[in-house]
2 protein chains.
Amino acid sequence: MAEKGISQAVIGRLPRYYRYLGELKTQGVERISSHELSKLMHVTASQIRQDFNNFGGFGQQGYGYNVLYLHNEIGNLLGIHKKHDMILIGAGKLGQAVVGYINAKDMPYSFKAAFDINKDLIGTKVGDLPVMSMEDMPSYALENHIEIAALTVPRTVAVETAEKLVACNIRAIWNFAHIDLRVPEHIEVENVHLLDSLMRLSYNLQRHQDAEAKR
Amino acid sequence: MAEKGISQAVIGRLPRYYRYLGELKTQGVERISSHELSKLMHVTASQIRQDFNNFGGFGQQGYGYNVLYLHNEIGNLLGIHKKHDMILIGAGKLGQAVVGYINAKDMPYSFKAAFDINKDLIGTKVGDLPVMSMEDMPSYALENHIEIAALTVPRTVAVETAEKLVACNIRAIWNFAHIDLRVPEHIEVENVHLLDSLMRLSYNLQRHQDAEAKR
């Protein structure tokens, strides 16, 4: 569970601020007003100020925000000052894609090992990572103080696999299985439910077309 | 843009209702009260009733909801009564994983073709799908009345690729590139920003650990 008082909606917007500020930094922009940032990000300036006020405001609004400072501060909130070694559970196509995507980014997150129960996959590689047997996962996770695991296993085994992760002191599960995990309060779960995402797109498309048909 | 008056937060919850109702249907459950559904889904019964009231309520609360009817109705809202042929733009690892994931589901969404600019990939296959040249995309999309495209290209080319899709009457873009697309109002975009998702997880983990350290 996150800190009380800051909604998950606000937290959900932090990575997007971080991304835009990173781009401004790359472009050499030193200061930006909430109004300029609002035009760039297509959100209202008042939303930006409200969001930032949850974290103390990040500096004077009249002079605009210091881009470098703001980027750093939001990065710190997101835990980006710290290296995060992660493991992958499920070395199939989706897992391979997730590892490739994340390990290619210049970010403090990186996968260090992959685990699977499929004997055909054990001993192969996912990118540079060795695929090990799930039997070796507990000792690896404990010895390397792994806190974050990505779960890219079929939904039929996701719940039991999550229980194994919890038993190895994993604190955060990035869940790609299309099922809601039931884990103890002290475990963070972030879901990437691809089918739910596609259904939302399909819903919005349908409504749009219905509205057009009524015109 | 979706129908006015129904928030994207409510719409975002519809696929989850659909998923749970599908499971209840499979288990042979015929009726369920908002209270029982609330316990199962770990949301309040009042939230469920409020969400459903956006769509006319779906039947009497006193007698509980008819599972089959409710599953169908939500499916209709989500556009699931209709077949959706889709195309993949970007046949790299992430694209391959997305096609494998979606085409394996027993759902009306399916990818019919994949396109890439990489000559090494053109002529190969993604699952059962031929990978074609991006030059052939416009005629394919127009002839087959494709409405939904998944965009799994690098962020550096995502914006220009989205413009090409819009020019071919694509109405909905499922965007996996880590950049916000700028498209005309009549185009729906649903983002799967994997890095943003991982950063949210990292934020919540960090806050949790900070709170524990203070105890």
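Since we're looking at a predicted model, the values are computed, not measured.

**Details of the pairing of strand β4 (residues 109-116) of chain A**
Residue and element names in this part refer to chain A.
Right, on to step 1. Of all 8 residues making up β4, 7 are buried, and the element is well covered by its neighbours.
Right, on to step 2. Sheet analysis places strand β3 (residues 84-89) next to β4, joined by 6 bridges and oriented parallel. Note on β4: the bridge partner recorded for Met86 is Phe111.
Right, on to step 3. For the segment spanning β3, helix α5 (residues 93-103) and β4, crossover handedness is right-handed.
Right, on to step 4. Across 3 bridges, the pairing between β4 and strand β6 (residues 129-133) is parallel.

**A few points about the domain arrangement of chain A**
Interfaces are often sized by the amount of accessible area the parts lose when they come together.
Right, on to step 1. Each assigned domain of chain A is listed here: domain 1 (8-77) and domain 2 (84-195).
Right, on to step 2. Placing a centre on the C-alpha atoms of domain 1 of chain A and another on those of domain 2 of chain A gives a separation of 32 Å.

**Description of the interface of chain A and chain B**
Right, on to step 1. Chain A puts 72 residues into the contact, and the matching count from chain B is 72 residues.
Right, on to step 2. When chain A packs against chain B, the two sides together hide about 6700 Å² of surface, and 58% of this comes from carbon and sulfur.
Right, on to step 3. Of all residues in chain A, Arg19(A), Leu201(A) and Tyr203(A) bury the most surface against chain B, accounting for 11% of the area lost on that side.
Right, on to step 4. The interface formed by chain A and chain B includes 12 salt bridges.
Right, on to step 5. The partner of Glu212(A) in a salt bridge is Arg171(B), and the shortest N-O contact between them spans 2.9 Å.
Right, on to step 6. Along the contact surface separating chain A from chain B lie 38 residue pairs in polar contact (both at pLDDT 80 or more).

**Some points on the packing of aromatic side chains**
Right, on to step 1. Counted by the stated rule, this structure contains 8 aromatic pairs over all chains.
Right, on to step 2. An aromatic cluster is present here, built from Tyr17(A), Phe52(A) and Tyr65(A) joined pairwise through their rings.
Right, on to step 3. Arg207(A) extends its terminal NZ or CZ atom over the ring of Tyr203(A), reaching a point 4.9 Å from the ring centre.
Right, on to step 4. Over the ring of Tyr101(B) we find Lys105(B), and its NZ or CZ is 4.5 Å from the ring centre.

**A few points about the sheet that holds strand β8 (residues 172-175) of chain A**
Right, on to step 1. Strand order in this open sheet of 7 strands is β5-β6-β4-β3-β7-β8-β9 (chain A), and the pairing throughout is mixed. A strand with exactly one partner marks an edge of an open sheet, and here the two such strands are β5 (125-126) and β9 (188-191) of chain A.
Right, on to step 2. Along the sheet, α5(A) makes contact with β3, β4, β5, β6 and β8 of chain A, crossing β4(A) at roughly 160°.
Right, on to step 3. In the packing of helix α8 (residues 194-214) of chain B onto the sheet, the strands contacted are β3, β4, β7 (148-151), β8 and β9 of chain A, and the crossing angle to β9(A) comes to about 165°.

**A word on the relation of the copies chain A and chain B**
Right, on to step 1. With an axial shift of 0.0 Å and an RMSD of 0.0 Å, the rotation relating chain A to chain B amounts to 180°. Taken together, the rotation and translation relating the two chain copies correspond to the operation of a two-fold axis. Across chain A, the rotation axis passes nearest the C-alpha of Ala97(A), at a separation of 3.2 Å.
Right, on to step 2. A shared interface surface links the copies, since 100% of the contact residues of chain A are contact residues in chain B too.

**Comments concerning the sheet that holds strand β5 (residues 125-126) of chain B**
Right, on to step 1. Pairing is mixed in the open sheet, where 7 strands are placed in the order β5-β6-β4-β3-β7-β8-β9 (chain B). In this open sheet, the two strands that pair with only one neighbour each are β5 and β9 (188-191) of chain B.
Right, on to step 2. Contacts from helix α8 (residues 194-214) of chain A reach β3 (84-89), β4 (109-116), β7 (148-151), β8 (172-175) and β9 of chain B, with the element oriented near 165° to β9(B).
Right, on to step 3. Docked against the sheet, helix α7 (residues 155-167) of chain B engages β3, β7 and β8 of chain B, running at close to 170° with respect to β7(B).

Cut-offs and rules
- Residues numbered from 1 in each chain as written.
- Chains lettered and ligands numbered in written order.
- Predicted model: local features only at pLDDT ≥ 70, side-chain atom pairs only at ≥ 80, totals over all residues.
- Heavy atoms only, no water.
- Buried < 20%, exposed > 50% of the residue type's maximum accessible area, 1.4 Å probe, protein only.
- Helix = DSSP H or I, 4+ residues; strand = E, 2+ residues; numbered from the N terminus.
- Pairing = 2+ DSSP bridges.
- Right-handed = clockwise from strand over helix to strand, strands pointing away.
- Domains from an automatic or database assignment.
- Contact = heavy atoms within 4.5 Å.
- Buried area = accessible area lost by both parts, 1.4 Å probe.
- Salt bridge = Lys/Arg side-chain N within 4 Å of Asp/Glu carboxyl O.
- Polar contact = N/O pair within 3.5 Å; in protein donor to acceptor, adjacent residues only side chain to side chain.
- Phe/Tyr/Trp six-rings, centres within 6.5 Å; stacked < 30°, edge-to-face > 60°.
- Lys NZ or Arg CZ within 6 Å of the ring centre and 35° of its normal.
- Axes fitted to C-alpha atoms, helices over the stretch in contact; angles between N-to-C directions.
- Least-squares fit on C-alpha atoms with pLDDT ≥ 70 in both.

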